[in-house]
Amino acid sequence: MSAAAKPRSPTPSVAGALRIPSISQFVRFAVVGAGGYVVNLAVFALLVDGAGIDYRAAGVLAFLVAVANNFHWNRRWTFATTGPGALRQAWRFLVVSSTAALLGLGLLTVLVGLLGVEKLAAQAIATVSVLPVSFAGNRLWTFGAGPRAVARFDRRERERRGPEMRQEPIQRP
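Residues numbered from 1 in each chain as written. Predicted model: local features only at pLDDT ≥ 70, side-chain atom pairs only at ≥ 80, totals over all residues. Heavy atoms only, no water.

**A closer look at the overall build of the chain**
Check the secondary structure of the chain and you find 6 helices and 0 strands. Each helix (α) and strand (β) of the chain, taken in turn from the N terminus, gives the series α-α-α-α-α-α. Out of the 173 residues belonging to the chain, those deemed buried represent 30%. Sequence separation of at least 24 residues holds for 63% of the intrachain contacts in the chain that already meet a minimum separation of 6. (Helix = DSSP H or I, 4+ residues; strand = E, 2+ residues; numbered from the N terminus. Buried < 20%, exposed > 50% of the residue type's maximum accessible area, 1.4 Å probe, protein only. Contact = heavy atoms within 4.5 Å.)

**Quick look at the side chain of glutamine 89**
Tracing the sequence through the fold places glutamine 89 in helix α4 (residues 86-114). Every residue in contact with glutamine 89, bar those within four places of it in the chain, is listed here: Phe71, Arg75, Thr81, Thr142 and Phe143.

**Things to note about the nonpolar core**
In this structure, Phe29, Val67, Phe71, Phe79, Phe93, Phe135 and Phe143 together form the largest nonpolar core, which totals 7 residues. Setting aside residues no more than four positions away along its own chain, phenylalanine 71 makes contact with Ala86, Gln89, Ala90, Phe93 and Phe143. (Core = buried A, V, L, I, M, F, W, Y, C linked by side-chain atoms within 4.5 Å.)

**Structural notes on the environment of phenylalanine 143**
Considering the arrangement of structural elements, one finds phenylalanine 143 in the loop between α5 (119-142) and α6 (147-161). As a C-alpha pair, phenylalanine 143 and alanine 90 span 53 residues in sequence and 9.4 Å in three-dimensional space. Leave out the neighbours within four places in its chain, and phenylalanine 143 touches Phe71, Asn74, Arg75, Phe79, Thr81, Gln89, Phe93 and Asn138.

**Things to note about helix α3 (residues 55-78)**
Every buried residue of α3 is accounted for by Ala58, Ala62, Ala66, Val67, Asn70, Phe71, Asn74, Arg75 and Thr78. The N-cap of α3, judged by a side-chain oxygen 3.0 Å from the amide nitrogen of arginine 56 a few residues on, is aspartate 54. Just downstream of α3, alanine 80 is the residue with a positive phi angle, here 45°. (Polar contact = N/O pair within 3.5 Å; in protein donor to acceptor, adjacent residues only side chain to side chain.)

Scope: geometric values only; no functional claims are made or implied.
Written as structure tokens, this is what we have:
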């Protein structure tokens, strides 16, 4: 068979990288994020009320503690990444988390300042709205080498779940 007639395996796409079984991984990511939210609030309260630290400094420190907590659990549980490269992943996780936080802050500002949405509701909307962006950034960039690494993760997930998930996804040209 000539090289021109040889079938090529399709290049994984970002859209394909975010399909099932990514849903279970997204749920794990959201659970870790909810835990990080609780950690953030607890650290903030301890620093402001317990240590008397200025609320702005406490906010930054609480964010960093929550990011460290979320990195640990996402690396270990959500994305099941082990081995070398943790420092590089930590920096990438911080970049993705900071980007998501800034996007959320921008959305919060628009919701409250321009649209008049109540502040707590606006914060909830902003947080949930940036969750998919954060998940995609971490799945594709922080904990993987792009769509090919995602495809490897998906194969491992199908093998782990059993015969009903082992069938290969539909390949598109």
